[in-house]
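Okay, here's what each chain looks like letter by letter:
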Amino acid sequence: MGVLLLERAYAKVNLTLDVLHRRPDGYHEVDMVMQSIDLSDLVWLERHPEDRIVLESNATYVPTDDRNLAVQAAKLFLRRTEISAGVHINLEKNIPVAAGLAGGSSDAAATLRGMNRLFGTGLSLDELAEMGAEIGSDVPFCVYGGTAIARGRGEQLTRVEHRCHMYVLLIHPRVFVSTADIYKGLRPGDFTVRPTSERMVAALVDDDVDVIPALVSNRLQPVTFGIYPEVLQLSEKVEAVTRHPVHMSGSGPTLFLLAPTIQQANRMYNALRGIMRDVYFSQFVGNVSSLTSLQPKSE
């Protein structure tokens, strides 16, 4: 009997995002704190009888060819490990696409972790993260999950251990945001001299839930709001309804709020669901690499 191997691909939010300068290679130097949340895609893996990679998804808008980062991850893994085999990937999408939540990167990371288990190659998370850096800047973080300070293009990680737990309300505008356009929209005055990551990490470690929402910052947020005024208008609407600070993850357009208690989170969720559709109830999660399962294949 075959087995289906399940890996959860967890979304992330940026608790801080500072852009320091434009690099000679055309990328931007960033300094940010990323946090995994329990909104996740499901990545099911099993061996394919032929030496090829097949990806299927419940989401018709998701590419199933080489444009998909999970397919890229599978190909890279087989090439690096010199394994001649095939794999079938079934991707159940729950994370909004192009939302600033690293859904595609997390799918790739989950594929790397899952194939490592599926083929018994015994690679370390560090080795998988190094492999993932070739696919995208957020993939290394998604391999580990939890909390980390990310520097460079986002691939240089300092992992952070803490016991702080917060609930996260996500609001996804149905707006396509071009990350490239957001970074192109940055001006020298938008660059940060003193990154805020260390203060955020200190608050997380101290479990200072009253201070953390005030420390959340994102230097891309005003740029996104300027280019996409509908996201700004939604942010103002959410803040008026909840009377809580509204933040943006990555280059957007997803907005989020933090709540220290489930009671407060439920109140905000119910208020938001009364006026909009795409609202997600989530919470912080720690190291995601151990949250896996192995299940018998259904005949």
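Per chain, residue numbering runs from 1 following the sequence as it is written. pLDDT decides what is reported in this predicted model: residues at 70 or higher carry local features, side-chain atom pairs at 80 or more are listed and counted, and totals for whole chains, interfaces and linings draw on all residues regardless. To obtain the side-chain values, all non-hydrogen atoms of the structure were included, while hydrogens and water were left out.

Q: Where do I start with the overall build of the protein in this structure?
A: Helix and strand definitions follow DSSP, with helices as H or I runs of at least four residues and strands as E runs of at least two, each counted in order from the N terminus. Helix and strand counts for the protein come out as 10 helices and 12 strands. The reference for a compact globule is 2.2 Å times residues^0.38; the radius of gyration itself is calculated from the C-alpha atoms. Taken against the 2.2 N^0.38 rule, which gives 19 Å for 299 residues, the C-alpha radius of gyration of the protein at 19 Å falls within 12% of a compact globule. With respect to the three principal axes, the spread of C-alpha positions in the protein is 55 × 45 × 35 Å. Across the 299 residues in the protein, those meeting the buried criterion constitute 55%. In this analysis, two residues are considered to be in contact whenever any of their non-hydrogen atoms come within 4.5 Å of each other. Taking all contacts inside the protein whose residues are at least 6 apart in sequence as the whole, residues at least 24 apart take part in 77%. The classification of residues rests on relative accessible area computed with a 1.4 Å probe and restricted to protein chains. Under 20% of the type maximum is buried, over 50% is exposed, and intermediate values are partly exposed.

Q: Just to check I follow, could you spell out the environment of Val 160 for this structure?
A: With respect to the helices, strands and loops of the structure, Val 160 is situated in strand E6 (residues 156-160). Considering only alpha carbons, one finds Val 160 and Ala 202, 42 residues apart in sequence, at a separation of 9.9 Å. Residue contacts for Val 160: discarding those within four places in its chain leaves Thr 147, Ala 148, Ile 149, Val 201 and Val 205.

Q: Can you walk me through the side chain of Ser 235 in this structure?
A: Residue position: Ser 235 is located in helix H9 (residues 229-242). What makes Ser 235 buried here is its relative accessible area of 6%. Discounting chain neighbours no more than four positions away, the residues touching Ser 235 are Phe 225, Val 246 and Leu 255.

Q: What should I look at first to understand the packing of helix H2 (residues 103-118) against helix H3 (residues 125-132) in this one?
A: Between two packed helices, both the angle of their axes relative to each other and the distance between the axes serve to describe the pair. Here an angle of 0 to 180 degrees is reported between the N-to-C directions of two axes, which are lines fitted to C-alpha atoms, with helices fitted over the stretch in contact. Closest axis-to-axis distance for the H2/H3 pair is 10 Å, and the angle between their directions is 135 degrees. Viewed along their axes, H2 and H3 adopt a mutual orientation that is oblique. Of the two elements, H2 crosses H3, and the hand of that crossing is right-handed. Only Leu 125, Leu 128, Met 131 and Gly 132 of H3 make contact with H2, whose side of the interface consists of Leu 112, Arg 113 and Asn 116. A per-class count over the contact of H2 with H3 returns 4 nonpolar, 2 polar and 1 charged. In what follows, roughly perpendicular refers to angles from 65 to 115 degrees, roughly parallel to angles under 35, roughly antiparallel to angles over 145, and oblique to any angle outside these ranges. By convention the crossing between two helices is left-handed if the near helix lies anticlockwise of the far one by an angle smaller than a right angle, and right-handed if it lies clockwise. Just so you know the grouping, Ala, Val, Leu, Ile, Met, Phe, Trp, Tyr, Cys and Pro go in nonpolar, Asp, Glu, Lys and Arg go in charged, and all remaining residues, Gly too, go in polar.

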